[in-house]
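Read off the chains here:
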Amino acid sequence: MSNIILTGDRPTGRLHLGHYVGSLKRRVELQNSGEFDKIFIMIADAQALTDNFDNPAKIRDNIIEVALDYLSCGIDPAKSNIFIQSAVAELTELTFYYMNLVTVSRLERNPTVKAEIQMRNFEASIPAGFFTYPVSQTSDITAFKATTVPVGEDQLPMIEQAREIVRKFNATYGEVLVEPKALIPENSICSRLPGTDGKAKMSKSLGNCIYLSDSEAEVKTKVMSMYTDPTHIQISDPGKLEGNAVFTYLDAFAKDEDFAEFCPDYKNLDEMKEHYTRGGLGDVKCKKLLLNIINKELAPIRAKRKELEKDIPAIYEILKKGTEVARAEAANTLAEVRAAMKINYFEDEELISSQQLKFNKKNV
Ligand code: TRP
């Protein structure tokens, strides 16, 4: 069996550091590992519309931003196929059939959907499209017979739901679909990078994101005002690490080499943490280290983006080509699905002749 990746993002904003450490960086590594036969990266505009149906312009404008972010991080269109979800109509048809394989109560139990419903104050009136997006996400994955889905931890319930639908489909209609596996970051901090304010997750609506496309000056302002330990007032005070966003980010980003390069007073993060908790280490020094580390990571991404931004039509062309390839692939799976479900009437010569026989018998 071949190794196939499918993954994607909702185009509701530019991608930020949370996306980067949670999934994007890994995708580039997987892409370059040579271990995968096919890689599909989807810009999930249709899914984004499930909770932004009244603002399609936002989704439209962010498709190009997300594409630029992908390409500037090293997603290579020669190796990874980037495509736009809504332009692959086959996905919608699959969703309609899969909808029969899942119950309302099962959807209600999906923890990610539950949390999102709360976050969006949808409790009183949940749009049906939003409620059922895990089913649509199953189509995204299965249409490409994906074996591996690199995502952040928050997406695990989606993959679990997809696996259940696959099993139900295969048991009901015959083995057509492939059960996917989620691939989450090894470093659990990377799965849930908090915002610069120390709150739950980076999210555009909370204004606590560092974007991959932020300028050096923007990153500086954001890092220097990051949430640390509010009780760490004097440098000599002992500092707390829990909930301290600067140290959480250092956990996610800092490597031992970074200390030699930017902060030679310490050999590694453990030494720095030890000094911070003991007292005598100020926030500014830690923030400056973090700023250097982040800028080192983002500088090449930023430079590549500047280049890519000079030829926007070329980016749309990449998306168009990628979408054509994705569509052909999804059409193959859909044909197999329809055949397994025995709803491929016109291709089924056996059906037509057996129906003829039935009527012949009736009319003798
Ligand atoms: N739900 C994902 C997110 O919010 C985006 C997405 C849509 C996706 N379809 C997918 C991710 C299929 C992986 C596989 O980030």
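Check the entry above for the structure.
A. Summary view of unusual backbone geometry. Despite not being glycine, Lys-145 has its phi angle at roughly 50°, a positive value. Positionally, Lys-145 belongs in the loop between helix 8 (133-142) and strand 4 (148-150). If you check the backbone angles, Lys-342 has positive phi at about 60° while not being a glycine. Positionally, Lys-342 belongs in the loop between helix 16 (312-340) and helix 17 (349-362).

B. Seen up close, the site of the ligand. Lining the immediate environment of the ligand, one finds 13 residues, of which Met-42, Gln-47, Gln-137, Asp-140 and Gln-155 sit closest. The separation between an oxygen atom of the ligand and a polar side-chain atom of Arg-10 is 3.3 Å. Its free accessible area being 370 Å², the ligand has 91% of it covered by the protein chains. For the shell around the ligand, the secondary-structure elements that each account for two or more residues are strand 1 (4-9) and helix 8. Of the residues assigned to the shell around the ligand, the class counts are six nonpolar, five polar and two charged.

C. Seen up close, helix 16. Taking 1.5 Å as the rise per residue, helix 16 with 29 residues should run 42 Å; its terminal C-alpha atoms sit 42 Å apart, in good agreement. Of the residues making up helix 16, those classed as buried are Ile-315, Leu-319, Gly-322, Thr-323, Ala-326, Glu-329, Ala-330, Thr-333, Leu-334, Val-337 and Ala-340. Positioned one or two residues after helix 16, Lys-342 has a phi angle of 60°, which is positive.

D. Representation of the packing of helix 3 (residues 56-73) against helix 15 (residues 283-308) within the structure. Running from N to C, helix 3 and helix 15 point in directions that differ by 125°, and their axes come no closer than 8 Å. By the angle between their directions, the pair helix 3 and helix 15 is classed as oblique. For the pair helix 3 and helix 15, the crossing hand works out as right-handed. Packed against helix 3, whose contacting residues are Glu-65, Leu-68, Asp-69, Leu-71, Ser-72 and Cys-73, the element helix 15 presents Ile-301, Lys-304, Arg-305 and Leu-308 at the interface.

E. Inspection of the packing of helix 11 (residues 216-224) against helix 15 at higher detail. As a packed pair, helix 11 and helix 15 sit with axes 10 Å apart at the nearest point and diverge in direction by 150°. It follows that helix 11 is roughly antiparallel to helix 15 by the angle criterion. Along this stretch, helix 11 crosses helix 15, giving a crossing that reads as right-handed. Counting all contacts with helix 11, which are made through Glu-216, Val-219, Lys-220, Val-223 and Met-224, the residues of helix 15 involved are Val-284, Lys-287, Lys-288, Leu-290, Leu-291, Ile-294, Asn-295, Leu-298 and Arg-302. A breakdown of the residues in the contact of helix 11 with helix 15 according to their chemical character gives eight nonpolar, one polar and five charged.

F. Quick look at the packing of aromatic side chains. If you walk through the whole model with that rule in mind, you get eight aromatic pairs. For the ring pair Phe-40 and Phe-144, a centre distance of 4.5 Å and an interplane angle of 35° mean the geometry is tilted. Pair noted here: Phe-40 is in strand 2 (residues 38-43) and Phe-144 is in the loop between helix 8 and strand 4, with a separation of 104 residues, a long-range link. By relative accessible area, which is 1% here, Phe-144 ends up buried. Look at Tyr-98 and Phe-169: their rings are 6.1 Å apart centre to centre, the planes differ by 75°, and that puts the pair in the edge-to-face class.

Definitions and cut-offs
- Residues numbered from 1 in each chain as written.
- Predicted model: local features only at pLDDT ≥ 70, side-chain atom pairs only at ≥ 80, totals over all residues.
- Heavy atoms only, no water.
- Helix = DSSP H or I, 4+ residues; strand = E, 2+ residues; numbered from the N terminus.
- Near = heavy atom within 4 Å.
- Polar contact = N/O pair within 3.5 Å; in protein donor to acceptor, adjacent residues only side chain to side chain.
- Areas by Shrake-Rupley, 256 points an atom, 1.4 Å probe, with all protein chains shown as cover.
- Nonpolar A, V, L, I, M, F, W, Y, C, P; charged D, E, K, R; others polar.
- Expected span 1.5 Å × (residues − 1).
- Buried < 20%, exposed > 50% of the residue type's maximum accessible area, 1.4 Å probe, protein only.
- Axes fitted to C-alpha atoms, helices over the stretch in contact; angles between N-to-C directions.
- Parallel < 35°, antiparallel > 145°, perpendicular 65-115°, else oblique.
- Left-handed = near helix turned anticlockwise from the far one by under 90°.
- Contact = heavy atoms within 4.5 Å.
- Phe/Tyr/Trp six-rings, centres within 6.5 Å; stacked < 30°, edge-to-face > 60°.

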